[in-house]
Amino acid sequence: MSAPDTAKRPSRWAIWLPLGLFALLCALVAWGLANPGSTEVESRMIGQPLPAIELPQAVEENPGVTLAGARESGPRLLNIWASWCVPCIVEAPVLEELKARGVAIDGVAIRDKSEDIEMFLQRNGNPYRGIARDDVSAVQMAIGSSGVPETFVIDADGIIRYQHIGPIMERDIAQIMARLKDAEEPA
Amino acid sequence: MIAEIGLVLLWLAAALAMLQLLSGAWSLTGKDGTDELRAETAGMVRPVAVMQGVLAALSFAMLAWLFVRTDLSVLLVALNSHSDKPFIFKLAGTWGNHEGSMLLWATVMGLAGALVALVERRLPEKTIVATLAAQAFVSLGFYAFLLFSSNPFERISPVPADGNGLNPLLQDIGLAFHPPTLYFGYVGLSVAFSFAVGALITREVGPAFARAMRPWVLGAWIFLTVGITAGSYWAYYELGWGGWWFWDPVENASLMPWLAATALLHSAGVLAARDALRTWTIMLGVVAFSMSMVGTFLVRSGILTSVHAFAVDPERGSFILVLLAIYIGGALTLFGLRAATVTEGKQFAAVSREASLVFNNVALTAILAIVLLGTLYPLVTEAFGTRVSIGPPYFNPMGAVFALPMMVVMAIGPLLRWRDDRFGRVGRALILPGLATIAVLVATLVLAPGIGVLPLLGLALAVGLAIASVIPLFGRNLRRTPLPIWGMVVSHLGLAVAVGGMASESAFSTERLVAAQVGDTVTVGPWSIELAAVEPVAGPNWTALQADMQASYEGGAPTQMLPQSRTFTSPPQTTSESALHTRWNGQLYTVIGELGEDGRWQLRLWWKPFVPLIWLGGLLVALGGALALVGRIISGWRRQYQARRIAMRREERPVGDLR
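Residues numbered from 1 in each chain as written. Chains lettered and ligands numbered in written order. Predicted model: local features only at pLDDT ≥ 70, side-chain atom pairs only at ≥ 80, totals over all residues. Heavy atoms only, no water.

Per an unreviewed UniProt entry, chain B is named C-type cytochrome biogenesis protein CcmF, and its organism is Croceicoccus mobilis. Regarding chain B, the relevant UniProt record gives this comment under Subcellular location (unreviewed entry): "Cell inner membrane". (UniProt positions renumbered as here; feature names shortened; annotations may be inferred.)

Under an unreviewed UniProt entry, the name given to chain A is Thiol:disulfide interchange protein, and the source organism is Croceicoccus mobilis.

If you want it as structure tokens, here you go:
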């Protein structure tokens, strides 16, 4: 910075200095924005089997969910959601479409009440094969999911193959279907 | 319907901002008085600015109405409100989220522009037109942001059964008003920025410009001071960590504009009174606003992790970054082009009030640079592949290197005369504060030998400054002392009080972390506290476990303390509600934590001597600002009234040219 009490006019160099510093700042934060890798929380559980947690059945209509143990005929989706979660409403029609394409979807409702879940299913449709209730976020903790909704691709052996954070949108269907196809081959 | 009306109003306001920018810019391209059409266009700018402010305000009112009615067909309401919420939090929900707060920003900015258009008559019309055009340019960015990337009036289908609720941490009356307070501050700085740009474009950098800009800076500075003080107190009692400042990126984001505004305020004072520091004042005007933009950017973009992470969205971050680059890059380029044509103004001696203000300006700027560097440092190192985080060990000593000498100069500066002075003349007045400083130094070293260097110096200088700050009132007729002088005295005293509180808190706090059974008694500092009971209680949208503690100070009559561990239902989250008890000499701070497996409760207890002084001091600083602002506004009115009377008399008997 110029010493205002001595210089009659600030030097040319000093005048452009702030712009230079500012450009540097912009470059730095632009780099920070372009490399957001550090803010994404990815589950370390990819490639690991689902934990064996017993969860209660959530509603009469659907059976419960068996997380680990039983070998299945093919890959499936594990959808972590809740009736109090607004993005889950956005996701609901997309899950219906996945179901129509023959995907098996298991739901785990986080910190929820059975009445609320029933209400949610009535309003937004029921794409689930089985639904379990997780009142203490045990599954979330165990598989490293940071919020709702989140969806995991699970292969026939119960191994986690892919994690999708946030609601599944129309545009994500292709990706999810491709990952389900990958999961047909053993890891 | 309400949502659609709100959106239409928003579009109209944006269109008027565009008109304001284009007509202002076009009218400035011609030479003075040569073109009638241009003069007429310039005349349009003020009314357009007023209308733009009104439309933006109506649009915001529509959103507030939607929130009050809890209209869940609007996505923003569904995401951030809930029908069970108390009225005040429904209203606060309007700005307790990204879209709403951006709309609030645009609204306040529009209203500020309207106010400039209505009342500011001291500057040449050309400068006002340029200022309002610059203001419209800044507003347009925010309108574009709202309309294209974060429409607050977006509908949702199907309509959800009930809303998501506001983040429970934010369901607190203090916090409901914390963000708007800071926004008023940021917007005030945007007006100062527009004035600086307007003055640069029309080459009007002089005392009149400083006088016109000063009330806005002062107003912004008051709001920032209150906002930071309140935010610090909120973090103190709501987060339950017992600290009052964490050097968190978001806290720094509010501190940096404050530091710049403080410097700007003082240099604008020099410019107004003595016509010196012209370029420096313009520069600070740009820096102050850029710091508030950088602050918003850091909060919204999520490139730095912080306790305020609920506001994060990288896409929006890029948008703000682009706005930032356009405004600040543009202004700095203009500054580079024009600053060479601005002369530095009047000279002054090394011992003078100007010189002391320059010293403190430089110190404030240095602290600003330190905070900015410290805030961005994790990002810098990440660019080189390692992740680090720096905290108090960096900020405290580095800041103190400049803050402590600044306090010394603050004690002397107000006693000096403008332009040229001798230390000998003010030496006598400084004997008392000097002696007090030394006395506190010695007394503290004797009574508390283990004290750290920073708290020691802070405590001693705080006492010295507190005494020195009231000396300017000596020998004056207190009734006839101008309000701005009172303001300065109160603000400087407030700073001394706050620093005293900080030093005392960091030097003398005692902390206990214990596991206690119901019936146990624990001691912290001079207090002995009995955990009498733990019982469940329920509120409108939460349930809690509440501890009943009987706290007694040095064996006196017990006071009841009721800290809670609260569980909110929508969205589900647990927060700890601390319980505080304030005495004249400090504060007892209690938190209840988890229940252990052995049936004992985790308790966290602090005794913090004189800690309330921190916030009391902050409020005094703001009060001083308010006194000065009222004083300036009154004297401004008086001057305008007299100018009008002189003009009227001239009209009665015209003498030559009216201009």
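**A look at the overall build of chain A**
Helix and strand counts for chain A come out as five helices and five strands. Within chain A, buried positions represent 48% of all 187 residues. (Helix = DSSP H or I, 4+ residues; strand = E, 2+ residues; numbered from the N terminus. Buried < 20%, exposed > 50% of the residue type's maximum accessible area, 1.4 Å probe, protein only.)

**So, the packing of helix H6 (residues 125-149) of chain B against helix H8 (residues 178-201) of chain B**
All names here are of chain B. Relative orientation of the contacting elements H6 and H8 amounts to 130 degrees, with a least axis distance of 8 Å. One finds that H6 runs oblique with respect to H8. Once H6 is placed against H8, the crossing between them reads as right-handed. The segment H6 lies against H8, with Thr127, Ile128, Ala130, Thr131, Ala134, Gln135 and Val138 engaging Ser190, Val191, Phe193, Ser194, Phe195, Val197, Gly198 and Ala199. Looking at side-chain class alone, the contact of H6 with H8 contains nine nonpolar, six polar and no charged residues. (Axes fitted to C-alpha atoms, helices over the stretch in contact; angles between N-to-C directions. Parallel < 35°, antiparallel > 145°, perpendicular 65-115°, else oblique. Left-handed = near helix turned anticlockwise from the far one by under 90°. Contact = heavy atoms within 4.5 Å. Nonpolar A, V, L, I, M, F, W, Y, C, P; charged D, E, K, R; others polar.)

**Let's talk about the environment of Leu55 of chain A**
Residue and element names in this part refer to chain A. By the secondary structure assignment, Leu55 is in the loop between helix H1 (12-34) and strand E1 (76-81). Residue classification places Leu55 among the buried residues on the basis of a relative accessible area of 16%. Each C-alpha atom, one on Leu55 and one on Val65, is 7.2 Å from the other, the two residues being 10 residues apart in sequence. Setting aside residues no more than four positions away along its own chain, Leu55 makes contact with Leu67, Val108, Ala132, Arg133, Asp134 and Val139.

**Observations regarding helix H5 (residues 173-182) of chain A**
Residue and element names in this part refer to chain A. Within H5 the residues assigned to the buried category are Ile173, Ile176 and Leu180. One side of H5 carries all its buried residues, which in axial view fall inside an arc of 65 degrees. Away from its buried face, by an angle of more than 90 degrees, H5 presents the exposed residues Ala174 and Lys181. Against the buried residues of H5 lie E1, helix H2 (86-100), strand E4 (150-154) and strand E5 (160-165). (Arc of directions from axis to C-beta.)

**Digging into the confidence of the model for chain B**
All names here are of chain B. When pLDDT is averaged along chain B, the result is 86, and 91% of the positions lie at 70 or above. Here helix H7 (residues 173-176) stands out as the element of chain B with the lowest mean pLDDT, 69, in contrast to helix H18 (residues 483-508), whose mean of 94 is the highest. Overall, residues 306-311 carries pLDDT values under 50, and its contacts beyond four positions in sequence, including any with other chains, amount to 12 contacts. (pLDDT = per-residue confidence, 0-100.)

**Considering the side chain of Glu150 of chain A**
Residue placement: Glu150 of chain A occurs in strand E4. Among the polar contacts listed, one links the side chain of Glu150 of chain A to the side chain of Gln163 of chain A, at a separation of 2.9 Å. (Polar contact = N/O pair within 3.5 Å; in protein donor to acceptor, adjacent residues only side chain to side chain.)

**Re the sheet that holds E1 of chain A**
Residue and element names in this part refer to chain A. If you trace the five strands from one edge of the open sheet to the other, you get E3-E2-E1-E4-E5, paired in mixed fashion. Looking at the sheet topology across the chains shown, the edges are occupied by strand E3 (130-134) and E5. Across the sheet, the axes of successive neighbouring strands diverge by a mean angle of 20 degrees, strand direction being ignored. Strand direction decides the pairing type here: E1 and strand E2 (residues 105-110), joined by five bridges, are parallel. Each residue of the ladder has a partner; that of Leu78, found in E2, is Asp106. (Pairing = 2+ DSSP bridges.)

**Focus on the environment of Val54 of chain B**
All names here are of chain B. Here Val54 shows up in helix H2 (residues 36-69). Given the relative accessible area of 35%, Val54 is considered partly exposed. The spacing of Val54 and Ala114 is 60 residues in sequence and 8.0 Å in space, taken between C-alpha atoms.

**Examining a nonpolar patch on the surface**
All names here are of chain B. A cluster of nonpolar side chains, Leu483, Val630, Ile633, Ile634 and Trp637, forms an exposed patch at the surface whose accessible area comes to about 440 Å². Sorting elements by how many residues they give to the nonpolar patch places helix H19 (residues 612-652) first, with four residues. Here Val630 is to be found in helix H19. Looking at Val630, the relative accessible area reads 43%, which means it is partly exposed. (Patch = residues over 30% accessible without salt bridge, like charges linked within 9 Å, V, L, I, M, F, W, Y side chains within 5 Å. Areas by Shrake-Rupley, 256 points an atom, 1.4 Å probe, with all protein chains shown as cover. Salt bridge = Lys/Arg side-chain N within 4 Å of Asp/Glu carboxyl O.)

**A word on the nonpolar core**
The biggest cluster of nonpolar side chains holds 158 residues, and the ones touching the most others in it are Phe142, Phe193, Phe195, Phe209, Tyr327 and Ile328 of chain B. Residue contacts for Phe142 of chain B: discarding those within four places in its chain leaves Met102, Trp105, Ala106, Met109, Met293, Leu323 and Tyr327 of chain B. Among the nonpolar cores identified, the runner-up in size contains 26 residues, and Trp81, Ala82, Val94 and Ile105 of chain A belong to it. (Core = buried A, V, L, I, M, F, W, Y, C linked by side-chain atoms within 4.5 Å.)

**A few points about the sheet that holds strand E9 (residues 586-595) of chain B**
Residues and elements named next belong to chain B. The sheet built from four strands is open, its strands ordered E1-E10-E9-E8 with antiparallel pairing. Of all the strands in the sheet, the pair left with one neighbour each is strand E1 (510-516) and strand E8 (579-583). When the angles between neighbouring strand axes are averaged without regard to direction, this sheet yields 15 degrees. With seven bridges joining them, E1 and strand E10 (residues 601-609) adopt antiparallel strand pairing. What sits directly across from Ala516, in E10, is Trp601. Its contacts with the sheet place helix H9 (residues 207-238) against E8, E9 and E10, and it is angled at close to 45 degrees to E9.

**Here's the deal with the packing of aromatic side chains**
Residues and elements named next belong to chain B. Taken as a whole and judged by the stated rule, the model has 24 aromatic pairs over all chains. Note on Tyr236 and Tyr589: the rings are 4.9 Å apart at their centroids and 70 degrees apart in plane angle, and the pair reads as edge-to-face. Here Tyr236, found in helix H9, pairs with Tyr589, found in strand E9; they are 353 residues apart in sequence, far enough to count as distant. You'll find Tyr236 and Tyr589 in the same group, each marked buried. Residues Tyr553 and Trp607 carry aromatic rings whose centres are separated by 5.8 Å and whose planes lie at 55 degrees to one another, so their mutual orientation is tilted. Of this pair, Tyr553 sits in strand E4 (residues 542-553) while Trp607 is found in strand E10, placing the two residues 54 residues apart along the sequence. (Phe/Tyr/Trp six-rings, centres within 6.5 Å; stacked < 30°, edge-to-face > 60°.)

**Quick notes on a negative patch on the surface**
Residues and elements named next belong to chain A. A grouping of Glu60, Glu61, Glu115, Asp116 and Glu118 is seen on the molecular surface, where their side chains present a negatively charged patch. Examined against the element boundaries, Glu115 turns out to sit in helix H3 (residues 114-124). Exposure remark for Glu115: the relative accessible area of 53% places this residue in the exposed category. (Lys, Arg positive; Asp, Glu negative; His and termini not counted. Charge placed at Lys NZ, Arg CZ, Asp CG, Glu CD.)

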